[in-house]
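Fold and geometry: a report
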Amino acid sequence: MVAEMKQTIKISQTIIDRLGHSLNSCDGNLYGISHKNELFILVLQADSENKIDFVNFLPTGIELCGRFQVTAETTDLNIQLPTKSILLTNIIGKENNVNLYQEQNGKLNKSEYHIITEQEINSTFLFIRLRGEVVLKSEFTIQSLKDAFQVIQKSLPSDSVFGLLKSNLFLQEHDTINAEFNSTINEFYEDLNSANDEGNRKKNKVVNIKPRVLDFNFLQQLTRDKSVDSIKEHAPIGILNKNPLTIIDTLLPLDCISMVHEQTKTSELYEILLKSTASRLSLFEEKILQFVKSNGKSLIFQLYHYYPEECKHFLTLLYAKNQTDKDTESERQLIHKQLLLDSYTPRFRRANQYSFDKKLNGPLHNPHEGIKNTDNGGTIALVKGKYEYYHYCQNNMDDNGWGCAYRSLQTLASWFKLQGYVDREVPTYKEIQQCLVDIRDKPASFVGSRQWIGSTEVNFVLNTLLGVQNKIVYVSNGEDMASQGPELVNHFQNYGSPIMIGGGVLAHTILGVDYNQQTGDIRFLILDPHYTGGEDLHVIQNKGWCGWKNLSFWNKTAYYNMCLPLVPREV
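The shown structure was predicted, so the numbers you read here are calculated from the model rather than taken from an experiment. (Residues numbered from 1 in each chain as written. Predicted model: local features only at pLDDT ≥ 70, side-chain atom pairs only at ≥ 80, totals over all residues. Heavy atoms only, no water.)

In contact at an axis separation of 10 Å, helix α3 (residues 142-159) and helix α5 (residues 269-293) are set at 175° when each is read in the N-to-C sense. Our classification of the angle between α3 and α5 gives roughly antiparallel. Where α3 approaches α5, its residues I142, L145, K146, F149, I152, Q153, L156 and P157 are matched on the opposing element by Y270, L274, T277, A278, L281, S282, F284, E285, I288, L289, V292 and K293. Classifying every residue of the contact of α3 with α5 gives 14 nonpolar, 3 polar and 3 charged. (Axes fitted to C-alpha atoms, helices over the stretch in contact; angles between N-to-C directions. Helix = DSSP H or I, 4+ residues; strand = E, 2+ residues; numbered from the N terminus. Parallel < 35°, antiparallel > 145°, perpendicular 65-115°, else oblique. Contact = heavy atoms within 4.5 Å. Nonpolar A, V, L, I, M, F, W, Y, C, P; charged D, E, K, R; others polar.)

Okay, structure coming up:
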């Protein structure tokens, strides 16, 4: 008799951190992926009054695998779990105290586990993204819609063809798999991306391990082999119905994600993609039926993929096209609650969706990351979230000598866009100038000119185009910037948005502060828009275009105005 091999449990670092930092008692579900004799626990979902099938929001391949509990005292472990399920427990206020229990023969036994980081997860798994369209034709009734989705689901195995973008690979039912195609998905991915990877290695840039994605197209087979026995020809039947009917004839935009271990055989891709398609159609069916029951008129929906930093896993939501962010607020609040996210920072608005497209020539994101802190010994408060670095001479535009405040404004606007507070692109120079003309702050001749703007104009534009309220702080001279430590610490701790500073001299962007309350010493983390080079992070950080500056950085004889963007407290 062969003994059963013990399963290795690997838990995402983010789950350990979030359970350790939880301030309230809660319990809920755990989701993960099994591969051979390893279980990777990647997602947690707190219980709520609204019962939803949460697994439909997750990449195909992630399944329910256990429960978690966060309590104020030691858990008695009197809990019912499915066979061979697991339980994670933690006591409020005790970090690094997460315990794992496995169900064995009706008992919960404490077990060991390994912690796995985001980089290790994305080095171990790949994501298969499948896009396409499915035709939905039905009467506008609940039963007819259910029947229509059932027909679509039943036809998937025989009708579905999956094509890999930028290659001649097509997968369909009963295909004969050759030896070459029986390699691992990791080998297959590396072969497809070897040229791009070689180009990236030649560039002197910091490379972060982000989700690796294979893109497939969903196609449907419109013709069939007449020799197939299952196809029976018969005379057409016509039914005359004089009752008024509302008919739905629309395309459902499929956009599916599957998560697969890199050692999975490529010969298994067809079944994985088929399951992924069926899962997303189930999400469409559930959402459309809910909409019809609530007398919704529009049946045009769009899938959105999210990758919140606090969770470090994909989540897919479905919104109707005519729904505004206000309309989906209650749904998003529920998701925040279930994922143990705060209730005042957007994570699942349309503008928060994950960008799969790599911007090879776009602005750098967060160039301050990786810069060493100062030895000032004070309270350090930094910008929160993501922003883009806008500086002189981007997009082949010669704004050297006059465009620094415009660039700082664009950096601030990018922060609000990337955080999801606004759903519009970063304003161009022309849009900025036209805005100031429209509100009668500038004459019509200002559009197309090379005239400077300052913090007051930045305030006007942010308020008019983005709806952002700002606080303007006046500083009489550079030496008085030393007294702004408490103001800046408070701003970054409570709002976290970058600050534009201008006035009698050149404009800059403040990304953080290190303020020592005891000594009065202060340092400023500065992002300099006067940089004219390319998007080279090494040069930007090592040449001081983004870095810590002391009080002498500011001009002692010039006045300064700081524009501090305020941030609404809403999801």
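Here we take up the confidence of the model for the chain. Taken residue by residue, the chain gives an average pLDDT of 88. The fraction at 70 or more is 90%. In this model residues 198-207 is a low-confidence stretch, pLDDT under 50, and it forms 5 contacts with partners more than four residues away in sequence or in other chains. (pLDDT = per-residue confidence, 0-100.)

Turning to the packing of helix α7 (residues 404-418) against helix α9 (residues 455-466), a few remarks are in order. Two quantities define a packed helix pair, namely the angle between the axes and the distance from one axis to the other. At a closest axis distance of 11 Å, the pairing of α7 and α9 adopts a crossing angle of 35°. Taken as a pair, α7 and α9 cross one another with a handedness that is right-handed. Across the interface between the two elements, A405, L409, L412, A413 and F416 from α7 touch V458, V461, L462 and L466 from α9. (Left-handed = near helix turned anticlockwise from the far one by under 90°.)

In this structure, L136, F162, F216, F284, I288, L315 and F348 are the most contacted members of the largest nonpolar core, which totals 70 residues. Top contributing element to this core by residue count: α5, with 12 residues. Look past the residues within four positions of F348 in its chain and what remains in contact with it is Y306, P308, L315, L317, Y319, R332, I335, H336, L339 and L341. (Core = buried A, V, L, I, M, F, W, Y, C linked by side-chain atoms within 4.5 Å. Buried < 20%, exposed > 50% of the residue type's maximum accessible area, 1.4 Å probe, protein only.)

As judged from the 15 bridges shared by strand β9 (residues 125-139) and strand β13 (residues 247-261), these two strands associate in the antiparallel manner. Among the inter-strand pairings, I128 is bridged to a residue of β13, identified as S258. Here 6 bridges tie β9 to strand β12 (residues 213-220), and the two strands are oriented parallel to one another. Counterpart to R131 in the pairing with β12 is N217. (Pairing = 2+ DSSP bridges.)

Spanning 15 residues, α7 covers 21 Å between terminal C-alpha atoms, matching the ideal 21 Å at 1.5 Å per step. α7 sits mainly inside the fold: 13 of its 15 residues count as buried. The first or second residue beyond α7 is G420, which carries a positive phi of 90°. (Expected span 1.5 Å × (residues − 1).)

Another point: the sheet that holds strand β11 (residues 170-172). Adjacent strands of a sheet form backbone hydrogen bonds with each other and so pair up, either parallel or antiparallel. Reading across the sheet, the 5 strands line up as β11-β10-β12-β9-β13 and stay open at both edges, with mixed pairing between neighbours. The strands lining the two open edges of the sheet, one partner per strand, are β11 and β13. Each strand of the sheet is rotated relative to its neighbour by a mean of 25°, with strand direction disregarded. Note that strand β10 (residues 160-164) and β11 share 3 bridges and pair antiparallel. When the sheet's bridge partners are listed, G163 is paired in β11 with F170. In the packing of α3 onto the sheet, the strands contacted are β9, β10, β12 and β13, and the crossing angle to β9 comes to about 130°. Here α5 sits on the sheet in contact with β9, β10, β11, β12 and β13, set at roughly 135° to β13.

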